[in-house]
Amino acid sequence: MLTLTRPDDWHLHLRDGAHLASVLPFTARQFARAVVMPNLKPPVTTVELARAYRDRILSSLPSNLGFEPLMTLYLTDKTPPSEIRAARSSGFIVGAKLYPAGATTHSDAGVTSMEKVFPALEAMEESGLVLQVHGEVTAPEVDVFDRERVFIDRVLADVVRRFPELKVVFEHVTTREAVEFVRAAHEGVGATVTPQHLLLNRNALFQGGIRPHHYCLPVLKRERDREALIEAATSDNPRFFLGTDSAPHARHTKENACGCAGIFSAHAALELYAEAFEQAGRLDRLQAFASERGADFYGLPRNTSKITLVRETWTPPAAYPFGEEEIVPFRAGETIAWRLIEESQT
Ligand code: NCD
Ligand code: ZN
């Protein structure tokens, strides 16, 4: 048995409408808070849109579950510094998300060149709003497996140098180079790590055939990268913390000639991390990674309630309902070694 302070998810996609209603309970039963990504269609680019999205999340929430959505603005070439300041004083927006235009799902309204967001970044640095970065270049000549590494050299190193007081989360790091960059960067630079990047390497994409449900962005990397992520997540370095990047897509949009990027893991998020930490012989570090470092990084109080995992095997179903459609969860039809004990939040 493993009892932890209730964790938070620092990177999550909840979608909207009926899809939101389908996936939200999975997160709310495990996590006290989650940073909810703004890549809706249209994107959440203003404080007012974020307020309305937050209200929709709260009204989709089952009444027995307490859960606090932490909102984030979608940065565009045109985000005015005044919107950043308004976000900071809203009290419910914790960050602004940088999507390089074209890098991932619903990123076409993203940033086309970094200079365009310098005024917004200056306002973020001044006000303390966190920059959350999807760290991949989009240049078509760059190999898809190198896009994160090249982003560090071409973009991120410069941003961090130019804005030394800016708090930056390098989201869903996937490479040894990203781990090294975060370790060596100045204080105020952190990173989230997903369960799939701790558990799988890129062989999982081609295990006996092409596996669309193992496809996410940034794409899975080599074993040497996975090892570096395990080492970072299970170390005592406060910069690495939990962010599932659970990203549901309807089954038919993934099992498709041009399948969408995103892995749905909210049904078993903490259990999957527990497996990864157990395999590394570091279950004792899960509490810090899942329940302490993210809150400390964002300057928010740690949670006080607890959750309990038991070491008991279970099998996620082949699919869960997703509005009128269905989603195939991570490990569908296969076993997971840990199970959360159901209890309502106190
Ligand atoms: C995310 C999504 O589907 O919204 N997909 C993914 O593969 N991670 C977008 C993102 O975080 O890149
Ligand atoms: Zn994401």
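One can find the structure itself at the top, above this paragraph.
The model shown is predicted, which means the values in this text are computed figures rather than measured ones. (Residues numbered from 1 in each chain as written. Chains lettered and ligands numbered in written order. Predicted model: local features only at pLDDT ≥ 70, side-chain atom pairs only at ≥ 80, totals over all residues. Heavy atoms only, no water.)

Undergrad: Can you walk me through the packing of aromatic side chains in this structure?
TA: Each aromatic ring pair is specified by the distance between its two centres and by the angle formed by the two planes. For the structure on display, the rule yields 11 aromatic pairs. By way of ring pairs, the aromatic residues Trp10, Phe241, Phe297 and Tyr298 are connected into one cluster. Across from the ring centre of Phe297, 5.1 Å away, lies the NZ or CZ of Lys167, which sits over that ring. Seen from the ring of Phe145, Arg202 lies directly overhead, with NZ or CZ sitting 4.5 Å from the centre. (Phe/Tyr/Trp six-rings, centres within 6.5 Å; stacked < 30°, edge-to-face > 60°. Lys NZ or Arg CZ within 6 Å of the ring centre and 35° of its normal.)

Undergrad: Please explain the environment of Gly91 as it appears in this structure.
TA: Take Gly91: it is sitting in the loop between helix H3 (81-90) and strand S5 (93-98). Here the alpha-carbon distance between Gly91 and Thr27, two residues 64 residues apart in the chain, equals 22 Å. (Helix = DSSP H or I, 4+ residues; strand = E, 2+ residues; numbered from the N terminus.)

Undergrad: Any chance you could explain the pattern of salt bridges here in plain terms?
TA: Opposite charge on two side chains allows them to pair when their charged atoms are near. Under the defined criterion, the tally for this structure stands at 17 salt bridges. Between Asp16 and Arg56 there is a salt bridge, with its nearest N and O atoms 2.7 Å apart. Of this pair, Asp16 sits in the loop between strand S2 (9-12) and helix H1 (17-28) while Arg56 sits in helix H2 (residues 47-60), and the two are 40 residues apart along the sequence. Residue classification places Asp16 among the partly exposed residues on the basis of a relative accessible area of 27%. By relative accessible area, Arg56 is classed as partly exposed at 33%. (Salt bridge = Lys/Arg side-chain N within 4 Å of Asp/Glu carboxyl O. Buried < 20%, exposed > 50% of the residue type's maximum accessible area, 1.4 Å probe, protein only.)

Undergrad: How do you make sense of the nonpolar core when you look at a structure like this?
TA: Note that soluble globular proteins tend to have their nonpolar side chains buried in a common cluster. Counting residues in each nonpolar core, the largest one holds 106 residues, and the members touching the most others are Leu75, Leu121 and Leu131. In terms of residues, this core owes the most to one element, helix H5 (residues 147-162), which gives 8 residues. Among residues more than four places away in sequence, those in contact with Leu131 are Leu75, Ala96, Leu98, Leu121, Met124, Val159, Leu166, Lys167, Val168 and Val169. In terms of nonpolar packing, the next biggest core, distinct from the first, is built from 13 residues, Trp10, Val35, Tyr74 and Val94 among them. (Core = buried A, V, L, I, M, F, W, Y, C linked by side-chain atoms within 4.5 Å. Contact = heavy atoms within 4.5 Å.)

Undergrad: Quick question: what am I supposed to make of the side chain of Arg239 here?
TA: Within the secondary structure layout, Arg239 lies in the loop between helix H8 (223-233) and strand S9 (240-242). For the buried Arg239, no salt bridge is present, and the opposite-charge side chain at shortest range is Glu187, 6.0 Å distant. A distance of 2.8 Å separates the side chain of Arg239 from the backbone oxygen of Ala185, its partner in a polar contact. When near neighbours in sequence (up to four residues on either side) are disregarded, Arg239 contacts Val182, Arg183, Ala185, His186, Glu187, Val189, Gly190 and Ala191. (Lys, Arg positive; Asp, Glu negative; His and termini not counted. Polar contact = N/O pair within 3.5 Å; in protein donor to acceptor, adjacent residues only side chain to side chain.)

Undergrad: In this structure, what is going on with helix H10 (residues 269-279)? I would like to understand it.
TA: Structurally, the α-helix is built with 3.6 residues per turn, so residues lying three or four positions apart point the same way. The buried fraction of H10 amounts to 9 of the 11 residues, a majority that puts the element mostly inside the structure. Once H10 finishes, Gly281 follows within two positions and takes phi at roughly 70°, a positive value.

Undergrad: What exactly am I supposed to notice about the site of ligand 1 here?
TA: Around ligand 1 sit 15 residues, and of these Asn39, Thr104, Leu217, Asp245 and His249 come closest. In this structure, Thr104 approaches ligand 1 through a side-chain N or O atom, which is 2.7 Å from an oxygen atom. Coverage of ligand 1 by the protein amounts to 100% of the 320 Å² it exposes when considered alone. With respect to the detected pockets, ligand 1 is housed in the largest cavity. (Near = heavy atom within 4 Å. Areas by Shrake-Rupley, 256 points an atom, 1.4 Å probe, with all protein chains shown as cover. 1 Å grid on protein atoms, 1.4 Å probe; cavity = no way out; pocket = protein on both sides within 12 Å on 5 of 7 lines; lining within 4 Å. Sits in = over half its atoms within 2 Å of the grid points.)

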